[in-house]
Every structure is written in C-alpha cells, then in structure tokens.
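Summary of structural features
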Amino acid sequence: HLAASLPLPSERDHLRPRIDLVVFMIDIKSKYSLKNVETSLAHVDASFFLGKVCFLVTGVGRVNACSIETNAICKLGKAYCSPVLFCELELEGIRVATAQRLLRMLQICAGHIPGVSALSFVSLMRNSDDD
Amino acid sequence: LFPPPGQESVDPQKTAFLLRKAWTLYSVTPLYRFRRARLRDYARLLSAFIAAEKQKGLAVEVGVELDIKVALSSLAELRGSELDQAALLVQLSSRSRASSRNSEDKLVWSGWFCSVFGDDLSENLPEDFTSLPLFLSHGAESYTALVGSWFQKTFDCCFRRLAISPQNLSWMVAMWAGCKLDRAASAVELVFSVPRLAQPLDISYAIHPEDAKALWDTVQKTPGEITQEEVDVFMDCLYAHFHRHFKIHLSAAKLVKVSTAVASAHCDGIVKILHSQYLPGVLMLLTELAISQIQ
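Residue indices follow the written sequence of each chain, beginning from 1 at its first position. The naming scheme follows written order: chains are lettered A onward, ligands numbered 1 onward. Local features are withheld for residues below a pLDDT of 70 in this predicted model, meaning they are given only at 70 or higher, and side-chain atom pairs are given and counted only at 80 or more; totals for whole chains, interfaces and linings count all residues. Derived side-chain values reflect all non-hydrogen atoms in the structure, with water molecules and hydrogen atoms excluded from consideration.

Some details on empty space enclosed by the protein
What counts here: In this analysis a 1.4 Å probe is tested at points of a 1 Å grid over the protein atoms alone, and where it fits but cannot get out there is a cavity; an open set with protein on both sides within 12 Å along at least five of seven lines is a pocket; lining residues have an atom within 4 Å of a point. Grid points are joined across faces, edges and corners, and a volume is the space filled by probe spheres set on the points. In DSSP terms, a helix is any run of H or I states spanning at least four residues, a strand is any run of E spanning at least two, and both are numbered starting from the N terminus. Put simply, Ala, Val, Leu, Ile, Met, Phe, Trp, Tyr, Cys and Pro go in the nonpolar bin, Asp, Glu, Lys and Arg in the charged bin, and everything else, Gly too, in the polar bin.
Tallied over the entire structure, the rule returns three cavities of 30 Å³ or more. Considering the residues around the largest cavity, the lining is formed by 13 residues, among which Lys 31 and Ser 67 of chain A together with Pro 166, Ser 170 and Tyr 239 of chain B are closest to the centre. Those elements that place two or more of their residues in the lining of the largest cavity are helix H5 (166-177) and helix H7 (228-246) of chain B. With four residues, H7 of chain B is the largest single contributor of residues to the lining of the largest cavity. The class makeup of the residues in the lining of the largest cavity is five nonpolar, five polar and three charged.

Topic: the side chain of Ser 131 of chain B
Operational definition: In this analysis, two residues are considered to be in contact whenever any of their non-hydrogen atoms come within 4.5 Å of each other.
One can find Ser 131 of chain B in the loop between strand S6 (129-130) and strand S7 (134-139). Contacts of Ser 131 of chain B, omitting those with residues within four sequence positions, involve Gln 85, Ser 115, Leu 121, Ser 122 and Leu 125 of chain B.

Digging into the packing of H5 of chain B against H7 of chain B
Residues and elements named next belong to chain B. Spelled out, the test is: To get an axis, fit a line to the C-alpha atoms, keeping to the stretch in contact for a helix; angles then go from 0 to 180 degrees between the N-to-C directions. Any angle from 65 to 115 degrees is called roughly perpendicular, while one under 35 is roughly parallel, one over 145 is roughly antiparallel, and all others are oblique.
Look at H5 against H7: their axes get within 10 Å of each other, and the N-to-C directions meet at 85 degrees. For the element pair H5 / H7, the angle class is roughly perpendicular. Of the residues in H7, those in contact with Gln 167, Ser 170, Trp 171, Val 173, Ala 174 and Ala 177 of H5 are Gln 228, Val 231, Phe 234 and Met 235. Counted by class, the contact of H5 with H7 contains seven nonpolar, three polar and no charged residues.

Quick look at the pairing of S7 of chain B
Residues and elements named next belong to chain B. Definition in use: Any two strands with at least two DSSP-identified bridges between them are counted as paired.
Two elements, strand S1 (residues 22-28) and S7, share four bridges in a ladder whose sense is antiparallel. Looking across to S7, one finds that Thr 24 is bridged to Ser 137. Examined bridge by bridge, strand S5 (residues 106-114) and S7 share six bridges and lie antiparallel to one another. When the bridges of S7 are listed, Trp 109 appears paired with Gly 139.

Some words on the sheet that holds strand S3 (residues 84-86) of chain A
All names here are of chain A. Taken in spatial order, the three strands line up as S1-S2-S3 in an open sheet, and their pairing is parallel. Edge strands, defined here as strands with exactly one partner in the open sheet, are strand S1 (22-27) and S3. Looking at each pair of strands side by side, their axes are set apart by 25 degrees on average, direction ignored. Note that strand S2 (residues 53-58) and S3 share three bridges and pair parallel. When the sheet's bridge partners are listed, Leu 56 is paired in S3 with Leu 85.

This is the structure we're talking about:
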C-alpha cells in the first residue's frame, strides 16, 4: 500500500489488512520529502519502532542534486531505532536489489521466516560502541 | 568556515578583472612538475599547441585569421594563506592579421587556477605536485578545451566540471545574504526548477536584501561561524513564507540558482562575483567544493 503521508484515512481502517512494515521514502533531492516523513512519523504507533519501520533514501546516485544532508537522515534513523537504506531507483540493478531486500524484511516482519523476528533488526541496529 | 577576521583585503585594482564576469568552474587535480619559474616557456608551448590544433582544422574562429597570443602570470595576492599556491592566470589574446600592426590585442579568453585555504588537499601532497584545485574560465568553450587538454597532457592533471548541489547553493545564499554591505544591495534571488512537469517550470523568488539579512541575523548564533542547522532554519523560513502566500512547497523543487549582491551561483557550476570585499570568502568556499569533488 502506498500513501503520500500519514495518517491513513480512517474510513478504510476496517478494510485494511494488518500492517507488517512501514517504509518511509525520502527523496534526497527534495527537502520537502524529509519534512513530510518527519510529520508522518508522529502518527505511527510506538510498537512499530521495534523493527517494523525502515527509511528508504532514494536518488543517491545524483550527488549534485542533493538537497538534504545525509547526516540528518542517519540521525533520524538513530532517533527512531530504524534502519536506513540508500538506493538509486533510476538504476535497474539497484532497484531490483532494494526491492528484494525490502521483501525479505517484510517476510521477517510478517513472521514468515521461522526463528527470525522483527526484533532482530533492532539488535542489529545497536552500535558496537554501545556494548 | 569563514575567512579569519583581519584578513588583508586583496588589492581591488589587481582583482577587478575577476568581478562581474560569469566564470565556469572546474576542479583540477594537483599538477605534476609545474615550475613557477617556467611560465614564459609554458606560454610559448601552449601557444604552439593552440596553433598546431588550429592547423589540424580545429578552427575556433571562422573567417578572420587570428593569431592567438598566450600569457601566463602569477597572482600572488590571490590565495588564502602562505600555505596556498599563488593563483595562476592564463590569458589568450588575439590580434587580427588583417589589421594594422599597431592594433591592440583583444582578450578572447581567460582562465585562472587558484587555491584559497586549500590545505586539506595540499598538506599531504608528495613533492613535485602543485595544488591549485579550483579553475575558473571565461570565454569560448573551445578555448577552454584547448587550454585544458594542454594542461592535462603537460602536467598529468584532470579537469572536471564542478557542479553545485542545492544543498551547497543554500549555504551560499545564507552566507552571502548575511554579508554586511555598505552600498544599497540588489535583491536576494533564488531560482527553482520544478521537476517532472511536461513543460519545464522555473520559479524565481526575490527577497528584499535587508529582509534577508535581518532574517539571517536572527538565525545565526555566533558571528563568523555557520552551522548546517542555521542554514536549514534560514531556508525553512523562506520556504514557509512562500508557502503561506502561494501554497507551493519550494522544498520539493530543485534549487538551481542563487543570486545576492555579493555573488551569484548556478548549479551547473557558474559563478559571478560582484563584490571585491568578499572575494576571499567566496573563493574559499569554491576551493572547498573543488577539493571535495577531487577527493
């Protein structure tokens, strides 16, 4: 399901299937997309941040069109304990690889992979310095 | 990130030729075995190279036969600190063979290499390398290509067009809008290009220079220092103001050009410096961009 921002319209709540993973897409060429994501984050229930949220940054191939500082995005990822993936949608190879990664993450979040749960993402996020 | 206070101002006479011209920017990797003492030799060699290329049919001017004269000179004043190399100026002038011997040479192309506080690159260089990471050219692209290829062949260096990202343009407009100017300044202008439309659309946002400076003064906490957060707040205020009036999110568009009374810059790597007082500051920022493109 694709949405331009959160919250999702409440009229369709009863028809919506369970949400297993929320991917926030940030276009590195658009500051507006970062602002939009930041406002939408407030509408996500805290339980999602146990491995069911990730940030996908697109457009990283074009360094010269960058409008957002990557530091700011990494800080966001850290603040919300969620992984940040970088990709370039214009390159087919990377597009396909990213889609496969997201699919894998979704399978884990939906509980389809025995022995691995969404909580594993959270422990992988921990900095080695923290130990 | 600002030139230190008490920076000797560069002699305005010597640098007047730099102002109010649109310079195309390049980053240049360090020059190998460049000798400052051999400038006259280099000028001769470059002149011969250009003549030879013209013989080959790479004519740069159609019609009138032109002799191209090359002059190389050092500009000791154009540098940030003693650690920087003095700037190197290359000028191509022409004298038409048809006109009288007394006719003056006409400057047809100029380009200059410089380094202003470029220590990041120069400090770890092996001997025999000269660091002049920023190159600015003004004149026909064909001459730029000729001069560039001679330098690349002779000093084993590499030229690359220097593009300026919207993020860096934001830094520039914040820095320059905040500069104190004694004369009446021109408007601060930001030009945005709107992506993904059938017809390309450009939005020009002009702000009264005093308003822009007043805004920057409320945002900047420490004079002489600028942080990314301050630049973000400054830009967000401008975006919010525009949105309030026009319901358009400029933050979703691409910032392509910024223009202030100090200087203007375009994302394709073209700058115009308008004020000699801030020349070192502008060059320092451009040197930094050139170095980060090289590294």
